[in-house]
Amino acid sequence: MPPPLTHKKALIFGVSGQDGAYLAQFLLGKGYSVWGTTRELQAEHHNLEALGIASRITLVPCGMTDGASVRQVLDAANPDEIYNLAGQTSVSYSFVQPLETLRSIAHSTLNLLECIRQRGVPCRLFHASSAECFGDHGLTPVNETTPFRPKSPYGVAKASAHWQVACYREAFGLFACSGILFNHESPLRPQKFVTQKVIAAVGAISRGSRDKLHLGAIDVFRDWGWAPDYVEAMWLMLQQPTPEDFIIATGQTHSLREFVDTAFNTIGYCSDDFLVQDGSLLRPTEIQYSYADIAKINHQLGWSARNKMADVVRMMLEADTRATPTQHPRTTS
């Protein structure tokens, strides 16, 4: 039987990004009316087009650092659910443009919260928080009560936004919660993210159009999941009777070297023949280990990630192959 349809309306800030596009697709499948914000209406929205849903979303212009713009969008959409997925998303770029990062994440989130409070119209807010807030806690898995010790301007901005959400929930009674998202990937990731950089390079090497993969630190450990899995967790958080924060992760951690090895092994190659460590690609500071305790979301929401790191690598390579014109493959000795 088809899933029951709803007459709810959702507003997604950042609908054209990876998570926004998959969330819009998920919500449309549940019968939601979906609105989404964009900085420019005339801009191309490749992710929405790639999923075949661009024409089914009501796009509205919004600059989130402008409170009046945010209020105008809220009044026009009058949503039941709001998903705040907007803002600068690159840890590396945050070292280059820390002020822009802070404005696009912390300032924008504060504008949204204040507009929701001033309107006084009941709605529910999901905010995309980040594992970068935690910083480095060594080999100890972090949970929802672990102190934040961010090590990047991006992490600092995300931590500020996270606590703003908690403050407005406690002080003004808003139904507002944060999903603390660990790394999650998909073919919609741009190549500024290391996972997509790896996948694109491995695919190009297999086709003989590239010789090497250059990376900075490869001895960092991350929990990598599949973005389409994670948007379901975002939605589930807003279906609960009370707002709470949850870590969203697979619970399995691997090194970047393992990710690279898995990608090369998938196409039958050895990464040692192609991988080059490049010191110029190192960040000023780096989180060495990232381990997630997923007990709370498993027990309270019954959610767990269906796809783990090896699945993510395989599906991203398959998508890269489909998207790339056929070329003569590299021969191996």
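For the structure itself, look to the data block above.
The structure presented is a predicted model; accordingly, all values stated were derived computationally and were not measured.

Draft legend 1. Examining the sheet that holds strand 11 (residues 246-248) more closely. Across the sheet, 7 strands lie side by side as 3-2-1-4-5-6-11; this open sheet has parallel pairing. Lying at the two open borders of the sheet, with one neighbouring strand each, are strand 3 (58-61) and strand 11. Here the strands of the sheet are splayed against their neighbours by 25 degrees on average, with no regard to which way each runs. Across the sheet, helix 1 (residues 18-29) touches strand 1 (9-13), strand 2 (33-38), strand 4 (81-84) and strand 6 (175-181), and the angle it forms with strand 1 is around 175 degrees. Packed on one face of the sheet, helix 6 (residues 153-172) meets strand 5 (124-130) and strand 6 and runs near 150 degrees to strand 5.

Draft legend 2. Fine view of helix 9 (residues 256-266). Every buried residue of helix 9 is accounted for by Leu 256, Phe 259, Val 260, Ala 263 and Phe 264. Within helix 9, the buried residues cover an arc of 125 degrees as seen down the axis, which keeps them to one side. Looking at the packing, one finds that the buried side of helix 9 touches helix 7 (194-206), strand 8 (213-215), strand 12 (254-255), strand 13 (275-277) and helix 11 (309-323). Phi for Gly 268, located one or two positions after helix 9, is positive at around 85 degrees.

Draft legend 3. Focus on the packing of aromatic side chains. By the definition in use, this model includes 12 aromatic pairs. Relative to Trp 235, the ring of Phe 26 has its centre 5.6 Å away and its plane inclined at 65 degrees; by these criteria the two rings are edge-to-face. You can see Phe 26 sitting in helix 1 and its partner Trp 235 sitting in helix 8 (residues 227-237), a full 209 residues away along the chain. A centroid spacing of 5.5 Å and a plane angle of 45 degrees characterise the contact between Phe 148 and Trp 163, whose relative ring orientation is tilted. In this pair, Phe 148 sits in the loop between strand 5 and helix 6 while Trp 163 sits in helix 6, placing the two residues 15 residues apart along the sequence. Taken together, Phe 134, Phe 148, Trp 163 and Phe 182 form an aromatic cluster joined through their ring pairs. Residue placement shows Lys 296 over the ring face of Phe 246; its charged tip is 4.7 Å from the ring centre.

Draft legend 4. Molecular detail of the pairing of strand 5. By the criterion of burial, strand 5 is predominantly enclosed, with 6 of the 7 residues buried. Bridge count between strand 4 and strand 5: 4 bridges; the pairing is parallel. Each bridged residue has a counterpart across the sheet, and for Tyr 83 the counterpart in strand 5 is Phe 126. Note that the unit made of strand 5, helix 6 and strand 6 has a crossover that is right-handed.

Draft legend 5. Layout of the packing of helix 3 (residues 67-77) against helix 5 (residues 98-119). In contact at an axis separation of 9 Å, helix 3 and helix 5 are set at 50 degrees when each is read in the N-to-C sense. The pairing of helix 3 with helix 5 is recorded here as oblique in orientation. By crossing handedness, the relation of helix 3 to helix 5 is classed as right-handed. Residues Gly 67, Val 70, Arg 71, Leu 74 and Asp 75 of helix 3 form the contact with helix 5, whose own contacting residues are Asn 111, Leu 112, Cys 115, Ile 116, Gln 118 and Arg 119. Class assignment for the residues of the contact of helix 3 with helix 5 results in 5 nonpolar, 3 polar and 3 charged.

Draft legend 6. Layout of the pairing of strand 2. Summarising burial for strand 2: 5 of the 6 residues are buried, a large majority. With 4 bridges connecting them, strand 1 and strand 2 associate as parallel partners. Following the sheet pairing, Leu 11 is matched in strand 2 by Trp 35. One crossover worth recording links strand 1 to the parallel strand 2 by way of helix 1, and it is right-handed.

Draft legend 7. Fine view of helix 3. Of the positions making up helix 3, those classed as buried are Ser 69, Val 70, Val 73, Leu 74 and Ala 77. For helix 3, the arc enclosing every buried residue in end-on projection is 135 degrees, short of the 170-degree limit, so these residues lie on one face. Projecting away from the buried face of helix 3 at angles above 90 degrees are the exposed residues Ala 68 and Gln 72. On its buried face, helix 3 sits against strand 1, strand 2, strand 3, strand 4 and helix 5. Among the residues of helix 3, the N-terminal cap falls to Asp 66, whose side-chain oxygen and the backbone nitrogen of Ala 68 are separated by 3.1 Å. Of the residues one or two after helix 3, Asn 78 is the one with positive phi, at around 45 degrees.

Draft legend 8. Region of interest: the pattern of salt bridges. One pass over the structure, following the stated rule, counts 16 salt bridges. With its nearest N and O atoms 3.2 Å apart, the salt bridge here joins Asp 75 to Arg 71. Here Arg 71 and Asp 75 lie together in helix 3, a separation of 4 residues that amounts to about one turn. Three or more residues are tied together by salt bridges with common partners; here these are Arg 71, Asp 75 and Arg 119.

Draft legend 9. Spotlight on the nonpolar core. Core analysis: the biggest nonpolar cluster contains 50 residues, and Ile 12, Leu 27, Tyr 83, Phe 126, Ile 247, Ile 248 and Trp 303 have the highest contact counts within it. Of all the elements in the fold, those that place two or more residues in this core are strand 1, helix 1, strand 5, strand 6, helix 8, strand 11 and helix 10 (295-301). Beyond its immediate chain neighbours, meaning those up to four positions away, Ile 12 contacts Gly 20, Leu 23, Ala 24, Leu 27, Val 34, Trp 35, Gly 36, Thr 37, Tyr 83 and Leu 85. One finds Trp 226, Phe 259, Val 260 and Leu 317 within the second-largest nonpolar core, a separate group that totals 25 residues.

Calculation rules
Residues numbered from 1 in each chain as written. Predicted model: local features only at pLDDT ≥ 70, side-chain atom pairs only at ≥ 80, totals over all residues. Heavy atoms only, no water. Pairing = 2+ DSSP bridges. Helix = DSSP H or I, 4+ residues; strand = E, 2+ residues; numbered from the N terminus. Axes fitted to C-alpha atoms, helices over the stretch in contact; angles between N-to-C directions. Contact = heavy atoms within 4.5 Å. Buried < 20%, exposed > 50% of the residue type's maximum accessible area, 1.4 Å probe, protein only. Arc of directions from axis to C-beta. Phe/Tyr/Trp six-rings, centres within 6.5 Å; stacked < 30°, edge-to-face > 60°. Lys NZ or Arg CZ within 6 Å of the ring centre and 35° of its normal. Right-handed = clockwise from strand over helix to strand, strands pointing away. Parallel < 35°, antiparallel > 145°, perpendicular 65-115°, else oblique. Left-handed = near helix turned anticlockwise from the far one by under 90°. Nonpolar A, V, L, I, M, F, W, Y, C, P; charged D, E, K, R; others polar. Polar contact = N/O pair within 3.5 Å; in protein donor to acceptor, adjacent residues only side chain to side chain. Salt bridge = Lys/Arg side-chain N within 4 Å of Asp/Glu carboxyl O. Core = buried A, V, L, I, M, F, W, Y, C linked by side-chain atoms within 4.5 Å.

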